[in-house]
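What the coordinates show
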Amino acid sequence: LLVISALWLVLAVMLARTATKPISDLADALERRSVQSLAGLAMRADVSELGRVQKASYALLQESEMLVERERSQSSALSAVLDAVPQAIVILDSTGAILSANKQFEQFVGADALPVAGRHIAELITLPDCLAAIERCTSEHQSQTVVAEDHGRDYSCSVHELDKKASRERRALVVLEDITDAMALPRIKADFVANASHELKTPLTAIRGYLE
């Protein structure tokens, strides 16, 4: 009886290990997020409930990997587009923390060795009017455009709220541009007209005198 009981115990342990091995393999593959391991399990799966779970797990993980790769591709394309834009562009979350920024923004603020992402916008921009426009856009949910002046330079600051449906929280897009030259152009034109009129008055006055 003792020998038979021992044999039955060994047999029960072997059967338990055999029964739980597919579940253990499935758990290991899911923990490692190994598509290859799940693919092998799905190919060997039968029509049992465990086989259905293996096939479904493989399909879900494969779809997840595809979505991650698609997100990486879209993020890379977005970064390339933002870097190609001449304006300084930064995306903020609802608290004003920087989510992403293009190279022009880093050059605009003269970023140090610390990464720009994760820092608050007030740490990098010293334009009170622009910071106020960001707060108004966040609170009023309306686009804002202001012209700010700093150390003799004029800057255009446009703030737009991104679509809330596309993300879990509200995000703001800030576009900064140095418009000092554009602002100076009307003054240059006015000065030119005034100087030209002044310079023409002298010879015209002399000619008019001679004619009279």
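What comes next is a walk through the structure.

1. Comments concerning the pairing of strand 4 (residues 153–161)
- Looking at chain direction, strand 3 (residues 144–150) and strand 4 are connected through seven bridges and run antiparallel. Counted as the bridge partner of Ala-148 is Tyr-155 from strand 4.
- Here strand 3 folds back onto strand 4, and the loop between the two strands holds two residues, one of which, His-151, carries a positive phi near 55 degrees.
- As paired strands, strand 4 and strand 5 (residues 172–178) are joined by seven bridges and run antiparallel to one another. Each bridged residue has a counterpart across the sheet, and for Glu-161 the counterpart in strand 5 is Ala-172.

2. Re the sheet that holds strand 5
- Ordered in space as 2-1-5-4-3, the five strands form an open sheet in which the pairing is antiparallel. What marks the edges here is a single partner per strand, and that holds for strand 2 (98–101) and strand 3. In this sheet, adjacent strand axes meet at a mean angle of 25 degrees when their direction is disregarded.
- As judged from the three bridges shared by strand 1 (residues 88–92) and strand 2, these two strands associate in the antiparallel manner. Counterpart to Val-90 in the pairing with strand 2 is Ala-101.

Quick notes on the rules
Residues numbered from 1 in each chain as written. Predicted model: local features only at pLDDT ≥ 70, side-chain atom pairs only at ≥ 80, totals over all residues. Heavy atoms only, no water. Pairing = 2+ DSSP bridges. Helix = DSSP H or I, 4+ residues; strand = E, 2+ residues; numbered from the N terminus. Axes fitted to C-alpha atoms, helices over the stretch in contact; angles between N-to-C directions.

Shape is all these values report; function is a separate question.
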